[in-house]
Protein chains: 2
Amino acid sequence: MKTFDHAIERYRSEINNRISSILTKREPVSMYEAGRYVLDAGGKRIRPLLTLFSCDAVGGKWRNALPAALAIEILHNFTLVHDDIMDASDSRRGRATVHKKWNENIAILVGDALIAVAYHSLLESTSGRLEEITSLFTDGLLEVCEGQTLDMEFEQMYDVKVDHYLNMIEKKTGALLRIAAAIGGVIGNANAKQLKALHEFGTFLGLAFQIQDDLLDVTAELIKLGKPVHNDIKTGKRTFLLLYANEQASKSQKLILQHVFNRTAGSTREINAVLDVYTQTKAPDAARDAVAHYTSMAEKCLDRLPKTEGRDNLRSFANMLLGRDY
Amino acid sequence: MKTFDHAIERYRSEINNRISSILTKREPVSMYEAGRYVLDAGGKRIRPLLTLFSCDAVGGKWRNALPAALAIEILHNFTLVHDDIMDASDSRRGRATVHKKWNENIAILVGDALIAVAYHSLLESTSGRLEEITSLFTDGLLEVCEGQTLDMEFEQMYDVKVDHYLNMIEKKTGALLRIAAAIGGVIGNANAKQLKALHEFGTFLGLAFQIQDDLLDVTAELIKLGKPVHNDIKTGKRTFLLLYANEQASKSQKLILQHVFNRTAGSTREINAVLDVYTQTKAPDAARDAVAHYTSMAEKCLDRLPKTEGRDNLRSFANMLLGRDY
């Protein structure tokens, strides 16, 4: 797996270098300062990496996909800035969020401006299929808004079904992974069959990725992620585990889960009671099964691509993302 | 001017019909309901009309410019939704604003989604120059964000120069008028010279339009606009008149204007004192001169276009917009 390790290191450093020099404009000060603050915050750069590896996987040149990869990373950062306002989150990646460090108005504007900056980067792509790329990108933007709206609607609901939840994360988490893979493919000049495979790959990857994220909230491995253990339970987040457990729960078990829905599960005793219901309803097992299922579906999509080192690297990337050996 | 009257009526009704059927999607309910609420609110449809007339003016077919015209109107509505949050405005066009009728989160999301919906409409344009169109559109989006940021920065400042103000409105008001004209031109297959003329025409039109709007706040003709008289003075809005007067004012006159800057000019007596300073410093005259100047500059741009009925109609449209005989 040496080639993969080498590739990802190179790609990531290229992404980080380029993204830092995107917002060189100085005026208006408050907007561009905040914009640079967001883009320089780091992060794992999952989406742009996915674009570059997807371009490789259909025989394209990853460098051609760089402007689009950056565009998708910038679009992702727009979602973070606006989501943080909506969720009233004070910190992200160990730093104050934009609306906290500046104010809400600046955060709204920076998010809006990042959309434009993202399109500008996208339009720098060298491809004869720019219309298709722009259209996919716009699909992603709309879907991510739909996903976030559904997520917010769910926050007020007490009977969200797992199916609805899957539909929501397919948009909220899936949309950008989907377009990351698909746009990388288009720039690599994928044919219709390959493009469909990458599109579906991104969707399944998104589902696996999000459910695994939900799972990590109740497993012991959380410290790595740098987020508080059982944070989802405390904050009443509608997760795969909560909704699955609620579907399976008896009346008395449902009462315990209501603490999560109502955001009143604060004490260790309450959290443990919730975790017990999760275990009794086999929610973590179901989540693990779902992750395995969607991972396997994603794998199968890759089988439809030509057998190349690029495809192997994309597979390695997916495995890495899902915390598996690669 | 029969042809113009006929054209504008036809164009406007086409815009209104089409825009009502753009958001047919139902889910997520809160997002699409609010989106329809915004797009159905009416308004003068100035920007899309400008796109259609600009397309005509270079010999294009206005129907080809309809998707782009709608895109620009949708983008304009995005700015209204987000600006209303930032300005904490409770009503617009006689109805509750989105963040008031729903909530701030929905308003943020609807605005974001409208950007995507706008790009989708734009991409439906039939033109061999779609890349150029998308690039202009993205310029407009970024500039309108910059303009709004500058406007917000000015709200905290007490020594804004008229020059800075002109730079701000060239972005905040000018950007969408500029791209409306330019994109209409591109779809009409304008050559470089014509495109430059339309681009500059949009800019000058924007400047004239905004300064005239500032002027209307202190003239008697306000009732037509349906907004409270002297609203800008009461809310401390940085307008051409305020900033011009402040540049010309003596020390004692400046003290009076500070009431506007500090948003403490509430009573009739205070407002009259401010109006007196405006008159003494000849601010309304200067504003009128500026409107006349930018109108004349805009007119001159039109002289660079081929002599056609389309150009005459575009000129009539500009005159109508600036409340002059046409």
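As a convention, each chain's residues are numbered from 1 in the sequence order in which they are written. For this description, chains carry letters from A and ligands carry numbers from 1, given in the order in which they are written. Only residues with pLDDT of 70 or above have their local features reported here, since the model is predicted, and side-chain atom pairs are shown and tallied only from 80 upward, although totals for entire chains, interfaces and linings are computed over all residues.

Trainee: Go over the overall build of chain A, please, and point to the residues and values.
Mentor: Check the secondary structure of chain A and you find 16 helices and two strands. For this measure, only C-alpha atoms enter the radius of gyration; the expected value for a globule follows 2.2 Å times N^0.38, where N is the number of residues. For chain A, the C-alpha radius of gyration of 20 Å lies close to 20 Å, the compact-globule estimate for 326 residues. Its C-alpha atoms give chain A principal-axis dimensions of about 60 × 50 × 35 Å. Among the 326 residues that make up chain A, the fraction classed as buried is 53%. Under the scheme used here, helices are H or I runs from DSSP no shorter than 4 residues and strands are E runs no shorter than 2 residues, and both carry numbers assigned from the N terminus. Exposure is read from a count of other C-beta atoms within 10 Å of each residue's own; the residue is exposed at 12 or fewer, buried at 20 or more and partly exposed in between. C-beta atoms are placed from the backbone.

Trainee: Describe in detail the relation of the copies chain B and chain A, supporting the description with residues and values.
Mentor: Least-squares fitting of chain B to chain A yields an RMSD of 0.0 Å, with the superposition described by an axial translation of 0.0 Å and a rotation of 180 degrees. Within this description, the copies of the chain are treated as partners about a two-fold rotation axis. We call two residues in contact when the distance between their C-beta atoms, placed using the backbone, is within 7 Å. Same-surface contact between copies: 100% of interface residues of chain B are shared with the interface of chain A. Least squares is the method used to superpose the copies, on C-alpha atoms of residues holding a pLDDT of at least 70 in both.

Trainee: Provide a residue-level description of the environment of L114 of chain A, including the pertinent values.
Mentor: You can see L114 of chain A is positioned in helix 6 (residues 104-122). If near-sequence neighbours (up to four positions away) are discounted, L114 of chain A is found in contact with G35, I74, N77, F78 and V81 of chain A.

Trainee: I'd like a description of the packing of helix 4 (residues 66-86) of chain A against helix 6 of chain A, backed by residues and values.
Mentor: Residues and elements named next belong to chain A. Whenever a helix is involved, its axis is fitted only over the stretch in contact; in every case the axis is a line through C-alpha atoms, and angles between N-to-C directions fall within 0 to 180 degrees. Running from amino to carboxyl end, helix 4 crosses helix 6 at an angle of 165 degrees, the nearest separation of the two axes being 8 Å. The angle between helix 4 and helix 6 falls in the class roughly antiparallel. Where helix 4 crosses over helix 6, the two elements pack in a sense that is left-handed. Contacts from P67, A68, L70, A71, I74, L75, N77, F78, V81, H82 and I85 in helix 4 reach E104, A107, I108, V110, G111, L114, I115, V117, A118, Y119, S121 and L122 in helix 6. Amino acids are sorted into nonpolar (Ala, Val, Leu, Ile, Met, Phe, Trp, Tyr, Cys and Pro), charged (Asp, Glu, Lys and Arg) and polar (every other residue, Gly among them). When its residues are assigned to classes, the contact of helix 4 with helix 6 shows 18 nonpolar, four polar and one charged. Here roughly perpendicular refers to angles of 65 to 115 degrees, roughly parallel to angles under 35, roughly antiparallel to angles over 145, and oblique to all remaining angles. Should the near helix be turned anticlockwise from the far one by less than a right angle, the crossing is termed left-handed; should it be turned clockwise, right-handed.

Trainee: So what's going on with the interface of chain B and chain A? Residues and values would help.
Mentor: Every contact between the two is made by 31 residues of chain B and, on the other side, 31 residues of chain A. Secondary structure elements with two or more residues in the side of chain B that touches chain A: helix 2 (29-39), helix 4 (66-86), helix 6 (104-122) and helix 7 (130-155) of chain B. Per element, the largest residue contribution to the side of chain B that touches chain A is 14 residues, and it comes from helix 7 of chain B. Across the side of chain B that touches chain A, the residue classes break down as 18 nonpolar, nine polar and four charged.

Trainee: Describe helix 12 (residues 240-248) of chain B, with residues and values.
Mentor: All names here are of chain B. Within helix 12, seven of the nine residues are buried, leaving the element largely enclosed by the surrounding structure. All buried positions along helix 12 are accounted for by F240, L241, L242, L243, Y244, A245 and N246. Against the buried residues of helix 12 lie helix 8 (162-172), helix 10 (192-216), helix 13 (251-261), helix 14 (268-280) and helix 15 (283-303).

Trainee: Residues and numbers for the environment of A88 of chain B, please.
Mentor: Residues and elements named next belong to chain B. Inspection of the secondary structure assignment puts A88 in the loop between helix 4 and strand 1 (91-92). Among the residues examined, A88 registers 11 C-beta atoms within 10 Å and is labelled exposed. On a C-alpha basis, the gap between A88 and K100 in space is 8.9 Å, while along the polypeptide they are 12 residues apart.

Trainee: How would you explain unusual backbone geometry if you had to name every residue and give the values?
Mentor: A cis amide bond links E27 of chain A with the next residue in sequence, P28 of chain A, at an omega value of -5 degrees. Within the chain, R45 of chain A stands out as a residue other than glycine whose phi angle is a positive 60 degrees. The phi torsion at R263 of chain B lies on the positive side, around 60 degrees, for a residue other than glycine. When the 13 C-beta atoms within 10 Å are taken as the criterion, R263 of chain B is described as partly exposed.

Limitation: the analysis is restricted to geometry and does not speak to function.
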